[in-house]
Amino acid sequence: MAAEAENAAGEAGASVKSNFVREIIEEHNASGRFNGMVRTRFPPEPNGYLHIGHAKSIWVNFSLADSYGGTTNLRFDDTNPTKEEQEYIDAIKRDVRWLGYEWEGLYYASDYFEQLYQWAVKLIKDGKAYVDQLTAEEIRQYRGTLTEPGKNSPWRDRPIAESLDLFERMRRGEFKEGDYVLRAKVDMSSPNVNMRDPVLYRILHAHHPRTGDAWCIYPMYDWAHGQSDSIEQVTHSICTLEFEDHRPLYDWFVDQLGIFHPQQIEFARLNVTYTVTSKRKLLRLVKEKHVRGWDDPRMPTISALRRRGVTPKSIRDFCELTGLTRQNGIVEIQMLEYCVRQDLNKIAPRAMAVLRPIKVVITNYPDDQVEEFEVLINPEEPTAGMRKVPFSKVLYLESEDFMEVPPPKFYRLSPGKEVRLRGAYFIKCDEVIKDADGKVIELRCTYDPATRGGDAPDGRKVKATLHWVSAAHALEVEVRLYDRLLTVADPSTIDDDKDFLDYINPNSMEVLEKAYIEPNVKGAPAGTHYQFERLGYFTVDPDSTPEKLVFNRTVTLKDEWAKIQKSAGE
């Protein structure tokens, strides 16, 4: 596993593994089909925030093109103005750049509306398209099923001149939505339902964010997609497997128009356990306030992963590790967590924090004395140097590090037992203070001054080293602990008659409003990563204020993916 991770740890754009897409590109380069040129594109619809699945597509398109010295365009498929917003466009640009990529050209499908219209006119003139006035429901009925062929619309043989006139009047806005559509004249008996006279244009009286009210007919995705690729001279149009059955239509359009013909290639989309990536479902989560927004750290959006503390490199490594295949499947979320852990272990400075504090008074320590202990900022990066941590008479320890009546093999603090405080002294618990309800609220301990630095001159050993903070110097912070948003590993197994919201994890977020952390983190800006020693990796949240930092738990220290791999090998 370590070797795989090392291979996956390249810079943005690096793609070290061979895969079937690269094999296709190699064949094209050998045959001279595109004169050795590789140009890809990432074509999101600006109707929502990008998610982890889009990250895979971004990685595929940019890294492949880069590895061949090629380029990648960013093109917004803005063909449905009723669902598109500038907010989404801005977020998509930000996410692509944050992942470590820069596009060659920035385009919009709306840039090509006039050309697409003229090409539609050409299809009509060539007898390859017609204006239909069946309703949407009638079109569905006429299309047939997977086992039954479709039947021709009564308007399929409308005279060319009449279709040209109606199509022009559709553009001028003379008709209501649903009155007419433009359809390609392909083959209503084709076993591929996508070839059964697909709709090219529909009437939509909606204001477009970029073209305003210039258009009231808008192209369908299948019509805009391939022709936009062709205009941009995209050589390899890489998309997910659900578009495989659309490829014959993609090819039919560019062949009928006699224009530059890209190669569409499909790969299996990225599905991750405990995760939904349907835009419709993600929108429900946001609109119905099951989460705090698109960047809620429990969401699978790139903006949410960024806020949670996931790094761009770990996402790229994850994409590399999952590879490219043509078989749909689902990837364990622990694999993503493994990649995050690998990256943050190298770059995150360490800090001691206590999430659920219990007060510890060292009775034999001088009341007014304060010492400073030097500990490594990051043991994985010795050149980062040392940090100084204050130590005083009253400390906070993690409450789970103490048990009054410990079970066998509990080596942490308990009455009469000695433990090491990280980088400081040995301490022994002498007395337990409880409140009226019997809850432990304070521990009275003694320390051994001879063990300064964490070792005993007489050679005695302890079996536990605990983290701590000085009560007089610690910063009070808020910590947000995140768990899976869903309780079911594979959301695709949810019965059709069930609502996925029924599987929301009620314990997906726990807020600890009064945690304590060493003072070295004071003033840390949003997005700063830390390893809280013995606890996990945490990141400063934008909700932080000068008075109080807020931390998101990015991932625990426990490596579940390593356990899964070990179990699989047994």
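Everything numeric in this text was worked out from a predicted model, so none of it was measured.

Peer 1: What am I meant to see in unusual backbone geometry here?
Peer 2: Note: most peptide bonds trans; most residues except glycine with negative phi. The backbone of Gln233 shows a phi angle near 60 degrees, a positive value even though the residue is not glycine. With respect to the helices and strands, Gln233 occurs in the loop between helix 8 (221-231) and strand 8 (236-240). The class for Gln233 is partly exposed, based on a relative accessible area of 33%. With a phi close to 75 degrees, Arg534 is a non-glycine residue in the positive phi region. Turning to its location among the elements, Arg534 is positioned in the loop between strand 23 (529-532) and strand 24 (536-540). The partly exposed category is assigned to Arg534, whose relative accessible area is 36%.

Peer 1: Can you walk me through the sheet that holds strand 7 (residues 217-219) in this structure?
Peer 2: The strands that make up a sheet are held in pairs by hydrogen bonds between backbone atoms, and each pair lies either parallel or antiparallel. Pairing in this open sheet of four strands is antiparallel, and the strands run 4-5-6-7 from one edge to the other. Each of the sheet's edge strands pairs with one partner strand only, and the pair in question is strand 4 (129-132) and strand 7. In this sheet, adjacent strand axes meet at a mean angle of 20 degrees when their direction is disregarded. Relative to strand 7, strand 6 (residues 199-203) runs antiparallel, the two sharing three bridges. Bridge pairing in strand 7 places Tyr201 opposite Pro219.

Peer 1: What's the story with the packing of helix 3 (residues 52-67) against helix 12 (residues 312-322) in this structure? I'm lost.
Peer 2: Running from amino to carboxyl end, helix 3 crosses helix 12 at an angle of 75 degrees, the nearest separation of the two axes being 10 Å. On the basis of their axis angle, the class for helix 3 and helix 12 is roughly perpendicular. Taken together, the residues of helix 12 that come into contact with helix 3 (itself represented by Ile52, Ala55, Lys56 and Trp59) are Ile315, Arg316, Phe318, Cys319, Glu320 and Thr322.

Peer 1: Just to check I follow, could you spell out helix 7 (residues 160-172) for this structure?
Peer 2: Residue pairs three or four apart in sequence face the same way in an α-helix, which turns once every 3.6 residues. Taking 1.5 Å of rise per residue, the 13 residues of helix 7 would be expected to cover 18 Å, and the 18 Å separating its terminal C-alpha atoms lies within 8% of that figure. Restricting attention to buried positions, one finds in helix 7 the residues Ser163, Leu166, Phe167 and Met170. Looking straight down helix 7, one finds its buried side chains confined to an arc of 100 degrees; they lie on one side. Buried residues in helix 7 make contact with helix 5 (113-125), strand 4, strand 5 (181-184), strand 6 and strand 7. Gly173 occupies a position one or two residues after helix 7 and carries a positive phi of about 85 degrees.

Peer 1: Got a minute to help me understand empty space enclosed by the protein in this structure?
Peer 2: The rolling of a water-molecule-sized probe over the atoms marks out the regions of remaining empty space. By the definition in use, this model includes three cavities of 30 Å³ or more. In this model, the second largest cavity occupies a volume close to 50 Å³. What lines the second largest cavity is simply Tyr221, Asp222, His225, Phe243, His246, Leu249, Tyr250 and Gln264. Where the lining of the second largest cavity is concerned, the elements lending two or more residues are helix 8 and helix 9 (247-257). The biggest single contributor to the lining of the second largest cavity is helix 8, with three residues. Considering only residue class, the lining of the second largest cavity consists of four nonpolar, three polar and one charged.

Peer 1: Would you mind going over the packing of helix 8 against helix 9 with me for this structure?
Peer 2: Axes are the key here: two packed helices are described by the angle between their axes and the distance separating the axes. Taken N-terminus to C-terminus, the directions of helix 8 and helix 9 make an angle of 60 degrees; their axes are 9 Å apart at the nearest point. On the basis of their axis angle, the class for helix 8 and helix 9 is oblique. Here helix 8 runs over helix 9; the crossing is right-handed. The residues of helix 9 that touch helix 8, namely those facing Asp222, Trp223, His225, Gly226, Gln227 and Asp229, are Leu249, Tyr250, Phe253, Val254 and Leu257. Taken together, the residues that form the contact of helix 8 with helix 9 break down as six nonpolar, three polar and two charged.

Cut-offs used in this document
- Residues numbered from 1 in each chain as written.
- Predicted model: local features only at pLDDT ≥ 70, side-chain atom pairs only at ≥ 80, totals over all residues.
- Heavy atoms only, no water.
- Helix = DSSP H or I, 4+ residues; strand = E, 2+ residues; numbered from the N terminus.
- Buried < 20%, exposed > 50% of the residue type's maximum accessible area, 1.4 Å probe, protein only.
- Pairing = 2+ DSSP bridges.
- Axes fitted to C-alpha atoms, helices over the stretch in contact; angles between N-to-C directions.
- Parallel < 35°, antiparallel > 145°, perpendicular 65-115°, else oblique.
- Contact = heavy atoms within 4.5 Å.
- Expected span 1.5 Å × (residues − 1).
- Arc of directions from axis to C-beta.
- 1 Å grid on protein atoms, 1.4 Å probe; cavity = no way out; pocket = protein on both sides within 12 Å on 5 of 7 lines; lining within 4 Å.
- Points joined across faces, edges and corners; volume = space filled by probe spheres on them.
- Nonpolar A, V, L, I, M, F, W, Y, C, P; charged D, E, K, R; others polar.
- Left-handed = near helix turned anticlockwise from the far one by under 90°.

This is a description of form; function is not addressed.
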